[in-house]
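Single-letter residue listing:
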Amino acid sequence: MSGRLSMIRLWMWLLAAVWATPAFAHPAPFSYLEVRLSTSAIEGTLVLHDFDVAHELNAAPETLLDPATLQRHASAITAFVLERLRMNADGRELTWEIAAIRAAPERTAVEIAYRVPLRATVGHLTIRAALFPYDPNHQTFVNVYEEGQLKHQEVLGGAHTTCEYYTGGRQGAFAVFKAFTAAGIHHIAIGPDHILFIVGLLLLGGSVLRLLGIVSAFTIGHSITLSLAALNIVAPPARIIEPAIALSIVYVGADNLLATKGARDVRALIALFFGLVHGFGFASVLREIGLPARALGISLFSFNLGVEIGQAVLVVIVASLLALVRMRSPVVAKHVVTAASVIVTLAGTYWFVQRIW
């Protein structure tokens, strides 16, 4: 992480040096956002190249370097900045206060000082910036300071327009816990392949302790590989993992169909083994969300907890329905298990073929 920050700083320094030199066309398609967090407010500056601002105002860039002319455009500048640069703290949209707009001739830029009053200490800050959408090359460099120290740097531009930052202290840790627990639950809820795998494991029934043991074995397996992949220790490509997940579903469905009465129940071992495969699939979600560097342990734990909660809910629903059917008619229950196992096998086969080709 420190190496990445150093590289971003170097690029920002080089680009700032370019920005400070005269140019003939559009020399620096980027903006610079400084965010300073305190317990009572967010304060900072937004620096915009005069070329970009002039394009928005249909004005000549050099005229914006005159303080009097710039002030006449202050309301228009404020309007488009407030519309295209938004901040959200712990789910609440924040209201900006533009403190000053001044010309920065030495950088051929317009500098905007802002302040955002806070009702409570921020735990999770979201910044969305699409300042000049007409220019696909435009980038916004974001520096986040906490207690006067630079804590986070990120470049927004193109399709990447959102910056997520979790603060230090209890508020930030709690925000990480909430966000990643919810993400784990959500991923189970929207993942038909993971759902079918777990359902396939539960179809043959068993005691509550037996079913909990099976799901816990799956959790242990995916927790190991999820952590390894999320920390970039082991990261096999998706073209291998996704078909392997589909094959695990085929195996579980076929194993149910071939199971004989009185045979040893090895579903916990199957769940543990294939949990290792599914964990790599879960890791892709974490990469999309982005792991907060200062709260890696909390984010990994809470995501796994969310997955476990989602699985537990699924176990309760499926096990209860199967128990109800078995209680009413063992014969019907057997047909249900057979039909469901066939569906699991066919779905896994379809996903395997789809993901290979």
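A brief look at the structure comes next. (Residues numbered from 1 in each chain as written. Predicted model: local features only at pLDDT ≥ 70, side-chain atom pairs only at ≥ 80, totals over all residues. Heavy atoms only, no water.)

**A few points about the pattern of salt bridges**
Here's step 1: This model, assessed by the stated rule, comprises 9 salt bridges.
Here's step 2: One salt bridge in this structure joins Asp193 and Arg355, with 3.1 Å as the shortest N-O distance. Placement of the pair is Asp193 in helix α6 (residues 192-202) and Arg355 in helix α11 (residues 330-356), with a sequence separation of 162 residues.
Here's step 3: Glu242 is the partner of Arg355 in a salt bridge, and the nearest nitrogen-oxygen pair spans 3.4 Å. Placement of Arg355 in helix α11 and of Glu242 in helix α8 (residues 238-258) is noted, with a sequence separation of 113 residues between them. (Salt bridge = Lys/Arg side-chain N within 4 Å of Asp/Glu carboxyl O. Helix = DSSP H or I, 4+ residues; strand = E, 2+ residues; numbered from the N terminus.)

**Structural notes on the packing of helix α2 (residues 50-57) against helix α4 (residues 74-84)**
Here's step 1: Across the interface, α2 lies against α4 with an axial gap of 10 Å and an inter-helix angle of 100°. The orientation of α2 relative to α4 falls into the category roughly perpendicular. Residues Val53, Glu56 and Leu57 of α2 form the contact with α4, whose own contacting residues are Ala76, Ile77, Phe80 and Arg84.
Here's step 2: In terms of residue class, the contact of α2 with α4 is made up of 5 nonpolar, no polar and 2 charged. (Axes fitted to C-alpha atoms, helices over the stretch in contact; angles between N-to-C directions. Parallel < 35°, antiparallel > 145°, perpendicular 65-115°, else oblique. Contact = heavy atoms within 4.5 Å. Nonpolar A, V, L, I, M, F, W, Y, C, P; charged D, E, K, R; others polar.)

**Notes on the sheet that holds strand β10 (residues 162-166)**
Strand pairing in a sheet takes place through backbone hydrogen bonds and is either antiparallel or parallel in direction.
Here's step 1: With respect to topology, 4 strands assemble into an open sheet ordered β4-β3-β7-β10, the strand pairing being antiparallel. Each edge of the open sheet carries a strand with a single partner, namely β4 (92-93) and β10.
Here's step 2: Pairing of strand β7 (residues 124-129) with β10 involves 5 bridges; the strand directions are antiparallel. Bridge pairing in β10 links His124 to Tyr166.
Here's step 3: α4 rests against β3 (85-89) and β7 of the sheet, and its axis sits at about 45° to β3.
Here's step 4: Across the sheet, helix α5 (residues 169-190) is in contact with β7 and β10; its angle to β10 comes to roughly 125°. (Pairing = 2+ DSSP bridges.)

**What to know about the sheet that holds strand β8 (residues 139-146)**
Here's step 1: Strand order in the open sheet formed by 6 strands is β5-β6-β2-β1-β8-β9, and the pairing between neighbours is mixed. Strands at the two margins of the open sheet, each flanked by one partner only, are β5 (97-104) and β9 (149-157). Averaged over all pairs of adjacent strands, the angle between strand axes in this sheet comes to 15°, irrespective of strand direction.
Here's step 2: In terms of strand pairing, strand β1 (residues 30-37) meets strand β2 (residues 41-49) through 4 bridges, oriented antiparallel. Looking at β2, one finds that Leu33 is bridged to Leu46.
Here's step 3: Contacting β2 and β6 (109-117), α2 crosses the sheet at an angle of about 85° to β2.
Here's step 4: Along the sheet face, α4 touches β2, β5 and β6 and points at about 120° away from the line of β5.

**Regarding unusual backbone geometry**
Negative phi is the rule for most residues except glycine; trans is the rule for most peptide bonds.
Here's step 1: The backbone of Asn58 shows a phi angle near 55°, a positive value even though the residue is not glycine.
Here's step 2: Mapped onto the fold, Asn58 is located in the loop between α2 and α3 (67-72).
Here's step 3: The exposure class of Asn58 is exposed, given its relative accessible area of 74%.
Here's step 4: Unlike most non-glycine residues, Thr108 shows phi in positive territory, near 45°.
Here's step 5: Look at Thr108 and you get partly exposed, because its relative accessible area is 24%. (Buried < 20%, exposed > 50% of the residue type's maximum accessible area, 1.4 Å probe, protein only.)

**Observations regarding α4**
What sets the pattern is the α-helix's 3.6 residues per turn: residues three or four places apart point alike.
Here's step 1: Inspection of α4 places Ala74, Ile77, Thr78, Phe80 and Val81 among the buried residues, and these make up the whole buried set.
Here's step 2: Along its buried surface, α4 packs onto β2, α2, α3, β3, β5 and β6.

**Some details on the side chain of His49**
Here's step 1: Examined against the element boundaries, His49 turns out to sit in strand β2.
Here's step 2: Among the polar contacts made by the side chain of His49, one reaches the main-chain amide nitrogen of Phe51 at a distance of 3.0 Å.
Here's step 3: Only 3.5 Å separates the side chain of His49 from the side chain of Thr108, close enough to count as a polar contact. (Polar contact = N/O pair within 3.5 Å; in protein donor to acceptor, adjacent residues only side chain to side chain.)

**Topic: α8**
Here's step 1: Taking 1.5 Å per residue as the helical rise, α8 with its 21 residues ought to reach 30 Å, and the 30 Å between its terminal C-alpha atoms agrees with that figure.
Here's step 2: Three or more residues of α8 are buried, namely Ile241, Pro243, Ile245, Ala246, Ser248, Ile249, Val250, Val252, Gly253 and Asn256. (Expected span 1.5 Å × (residues − 1).)

Just geometry here; none of it tells us what the structure is for.
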